[in-house]
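Geometric and topological summary
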Amino acid sequence: MTEENFVPPKAPKDLCFNELDFVEKVFDTDTFLQEQRKNVSLEKMRDDLGVYLKILRSAMIDLINKDYADFVNLSSNLIGLDKAINNLETPLGQLKEEVMQVRQSLDDTITEMTNNLDKHKNIREKKQSIHSLIRFHKSITKLCNILCSCDTLKVPLKPDILERAATEFNQLKFHLSRCKSDLSTEQTNKMSEMDDRLKASLSALLVAYITQKESASLIRCLRIYVSLDKVTDAEDVVRKKIVVPAVEHIISEYSLQNDSQGLKGTYQKLENVLDSTLKELLDLTLNPDRISVKGFNFIVNSYWPEVEQRIEDYLPIIFAPGNPESFHTRYVQTLDYLLCLEKRCCTAENVDRLKSHPQYNRFLNKWNLPVYYQIRFQEIAGTAESILAGNVSSVSIRKNKSSMRPDSFTLHATCIVWDCLQRIWADDVYLPQLLHRFWKLCLQLCSRYQGWCRTSLKQAWPVVTVNETSHSSELENPQRLEFLVGLYTDIEKLSAKMSNFIAIIGDRVSNLNPNVIDLLNDCTKETTKNFDDILPLITQEIVNELLKHSATHLRQISDIPRLFRRTNREVPTKPCAYVKRALDFLTAFHANYKNIIPQTVRRWLVQALTSLTQQYTSSVKDVLTSVQKTEESLRRLKKIRDKSAGVSSSENQGTSDDEKIRIQLLIDVLGYIQMVKDLDVKEEDIKQLKDLLEVVQSATKSKSEPK
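Residues numbered from 1 in each chain as written. Predicted model: local features only at pLDDT ≥ 70, side-chain atom pairs only at ≥ 80, totals over all residues. Heavy atoms only, no water.

With the rule as written, the count across this model stands at 34 aromatic pairs. Their ring planes at 25 degrees and their centres at 5.3 Å tell us that Phe327 and Tyr372 sit as a pair that is stacked. Of the two residues, Phe327 sits in helix α13 (residues 324–344) while Tyr372 sits in helix α16 (residues 369–388), which places them 45 residues apart along the sequence. Neither residue differs from the other here; Phe327 and Tyr372 are each classed as buried. An aromatic cluster is built from Trp304, Phe319, Phe327, Tyr331, Tyr360, Phe363, Trp367 and Tyr372, whose rings are joined through pairwise contacts. (Phe/Tyr/Trp six-rings, centres within 6.5 Å; stacked < 30°, edge-to-face > 60°. Helix = DSSP H or I, 4+ residues; strand = E, 2+ residues; numbered from the N terminus. Buried < 20%, exposed > 50% of the residue type's maximum accessible area, 1.4 Å probe, protein only.)

Shown next as C-alpha cells:
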C-alpha cells in the first residue's frame, strides 16, 4: 500500500482530533499539541490518544491476518534463488569477455580506417594544391600578357580589356586561395605588380569617366571594382583624385575671408561639388530612382572625410566660441549643411552610416557648446543680476501710474527679466542641442526674480514726514506704495505670460517627445504657482501701507470730549476733520488706480477699510467708555455738593456736553460710512461698519431715553 493511498483507521467522533491530522505531508508534534490544547485539556488529549492507539493496534493485527498468506508465499518463493543466481554468474562472465574482445577489434578497425582516410585527404589536398599552383602560373602569365599589351602610362586600357583582366585576376586569387604550397618571392612580387597595374588602370579609367560624365562607361568601371571586391579602393580614388582637387581651393581661410556670405558661402560651394563634379557618380550609386551599381557610398567614404579633415586643418577659426554671435551663426550654418548631406544620402541606412562615421562625431565635438552656453549665461544672467542686485527705490519704477498698461511692465526689473527670458529663446541665441541648459537658465531667472520680489518687500524705505495740514488729494509718500502696486501688477502679468510660455516657445520644443513636453509644462505650472504665492504678501504690504497713512488720523477721536466739555459749543451738525483726513489717503489711492486695476484696488480697499474700521470701532468704544465714566463721576460729585448745600438736585435743561460728544461721534461715523461708499465699496463687504454704527447709535439712543 503506497503512502498516497494509505487511509488510517477512522477515529470516533467524540475524540478531540481527526485521523487525517496524522497523515499530513508535514506533521509537527508541537504544532499539533498547541492547536488541540486550545480546545481540550492535556488529560483529555492523553486519554483520546490512548483510545486511538488501541484502534491502530487492532487495525494492524487485522492487516497482518488479512495478508498472512501473501507473506508466507513470498518467503517460500525465495527458496533456492541464491543458487540460481550463482549458476548464472559463470556464463555471464564469459559473455562479458567475448563482448570486450569484439569491441576492441572494432576500435582497432576504426582507428586504421581513420588513419587511411587522413592520408588520402592529405594526398588529395596536395594534388589540388599542385593543380592550383599550375593554374596560378597560367593565370598570372595570362594576366601579365593582358596588362602588358599596351603601355598604360600613355594609352589607358579599354574597358573590355580591363574586364578580361579583372576576370583573370579573380581566377588568380581563387587559385591562390586553394594553393597550399608557399609561393616564391618572385611570384609574390609578380602578383603585387599585377595588382598595382590593374588598380592604376582602373583608377585612370574611373577618373576619366567621372570627368567626362560618361554614365554607361562609368557603370562598367564601377562594376569591375565590385567584381574585384575593391569598392574601398574606388572610394579612395574618388577622394584623392576627384574630391581633393574640387575642395582644396574652397576650404581655406583666404576663401572664407573673401566670401561675402562667409561660412555659408563655403558650404554652398561644397554643395555645388556634389551637384556638379560628383552628380553622375551619386546618381548611379545612391539615387533610388537611378541606382545602377550597389555597394558604394561616395558621400560617406570619399566626400565627407576629406571635407571634414580639411575644415579641421584649414578652418579651425570657425570652432572658436569667443564671439558668441559668430559662433551661433556658424554652428547653425554647419547644422544646415549637415542636414543637406543627410538628405543627399537618400536612405535612412546611409544617413545612419554618415552619423556613425568617426569623423562626423569628431566634427560635432569640435564645437564647444558648453563654453558658448557659459558666455550666454554670463551675458543674460549678468544683465538680470545687475538690476536685481541693487536696492529698490523710486528709480526702480519704469512708468508712473498714469502710463500703466495691461500689456507692459511697470518696474525696470520685471521688464529686464522678461527681456532676458525672451533673449534665451531668440533665434540668434538658442540652440536645440542646449535645450536642457537654456531651460534651466530660464527657471533660474524666474527663481532669482521671485527672491528679489520677496526681498524688496522687506527692504526699508526712507521715512517721509506727512504734512498734517495738507489737504492735497495726492499721496504724501507715493514711492513705496506705487512700487508695491507696480510689483503686484507685474507679477500678475509675468505669471500669465509664464503660464503660456510653452506656447510662446512652441517652435523650439515642437519636435520633442510628448513626455518631455509634459515635464516642461509641469515646471511652468510650478513656476507660475510660485509667482502667485507672492501676491498675498504684496497685498498685505499694500494694506499696511494704506493703514499707516490713515490710522494715524483716528487718534484725534480722543480729542472730541475736550471740544465739548464745558465749552458751551452748539450741538454738532457735521463730521470732524479727522474723518476726511483718515480717508483722504484711501480716496486718493482709489482715484489714482481705479481706472487701471479696478477689481484689485477694490479688494485692497476692502481689506484696508476692514482693519481701519476695526481700529475706529475700538477707538469709539474707548471714547464712549471714558465719557460714561466721566459723566458718572460728575453726577456723583454734584449729588454730594447739592446734599451738603441743602439744595435739591434738578435736571439741567438743554443738551448736555456728553450728549453732544455722542452726537458728534454718531455724525462722524455716518460721514465715515458715506465716504466709504464713495470709494465704490459696498457697505455689506465690510461687516465692521454695522458694528461701528450700532455702537454709536446705541450710545446716543440710550442717553436720549427719559430716565
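Moving on to the pattern of salt bridges. Side-chain pairs of opposite charge can arise where the charged atoms are in close proximity. Throughout the structure, instances matching the rule amount to 27 salt bridges. Note that Arg376 and Glu325 form a salt bridge whose closest N and O atoms lie 3.5 Å from each other. Of this pair, Arg376 sits in helix α16 while Glu325 is found in helix α13, placing the two residues 51 residues apart along the sequence. Residues Glu342 and Lys355 are paired through a salt bridge, measuring 4.0 Å at the closest nitrogen-oxygen approach. Of this pair, Glu342 sits in helix α13 while Lys355 sits in helix α14 (residues 348–355), and the two are 13 residues apart along the sequence. Accessibility expressed as a relative area gives 16% for Glu342, which makes it buried. Lys355 gets classed as partly exposed once you look at its relative accessible area, which sits at 39%. Overlapping salt bridges bring together Glu325, Arg376, Glu379, Arg423 and Asp428 as one network. (Salt bridge = Lys/Arg side-chain N within 4 Å of Asp/Glu carboxyl O.)

In this section: the confidence of the model for the protein. Summarising the model, the protein shows a mean pLDDT of 82, and 84% of its residues fall at 70 or more. Of all the helices and strands in the protein, helix α5 (residues 159–178) carries the lowest mean pLDDT, 67, while α16 carries the highest, 94. Ignoring residues within four places in sequence, the model shows residues 466–476, a span with pLDDT below 50, making 16 contacts including any to other chains. (pLDDT = per-residue confidence, 0-100. Contact = heavy atoms within 4.5 Å.)

This next bit is on the packing of helix α24 (residues 577–593) against helix α26 (residues 657–678). With their axes 9 Å apart at the nearest point, α24 and α26 run at an angle of 25 degrees to one another. With respect to each other, α24 and α26 are oriented roughly parallel. When the axes of α24 and α26 are compared, the crossing they make is right-handed. Where α24 abuts α26, its residues Tyr578, Val579, Lys580 and Leu583 lie against Asp668, Gly671, Tyr672, Met675 and Val676. Per-class residue counts for the contact of α24 with α26 are 6 nonpolar, 1 polar and 2 charged. (Axes fitted to C-alpha atoms, helices over the stretch in contact; angles between N-to-C directions. Parallel < 35°, antiparallel > 145°, perpendicular 65-115°, else oblique. Left-handed = near helix turned anticlockwise from the far one by under 90°. Nonpolar A, V, L, I, M, F, W, Y, C, P; charged D, E, K, R; others polar.)

Before going further, it helps to spend a moment on α14. All of the buried residues along α14 are Asn350, Val351 and Leu354. One side of α14 holds all its buried residues, which, seen down the axis, span an arc of 105 degrees. Its buried side turned inward, α14 meets α12 (298–314), α13 and α15 (358–365). (Arc of directions from axis to C-beta.)

Taken as a whole, the second largest pocket holds about 560 Å³ of empty space. The wall of the second largest pocket is formed by 25 residues, among which Tyr331, Leu335, Leu431, Pro432 and Gln433 lie closest to the centre. When contributions to the lining of the second largest pocket are tallied by element, the ones reaching two or more residues are α13, α15, α16 and α21 (506–509). Broken down by element, the residue count for the lining of the second largest pocket peaks at 8 residues, all from α13. Looking at the lining of the second largest pocket residue by residue, the classes come out as 15 nonpolar, 5 polar and 5 charged. (1 Å grid on protein atoms, 1.4 Å probe; cavity = no way out; pocket = protein on both sides within 12 Å on 5 of 7 lines; lining within 4 Å. Points joined across faces, edges and corners; volume = space filled by probe spheres on them.)

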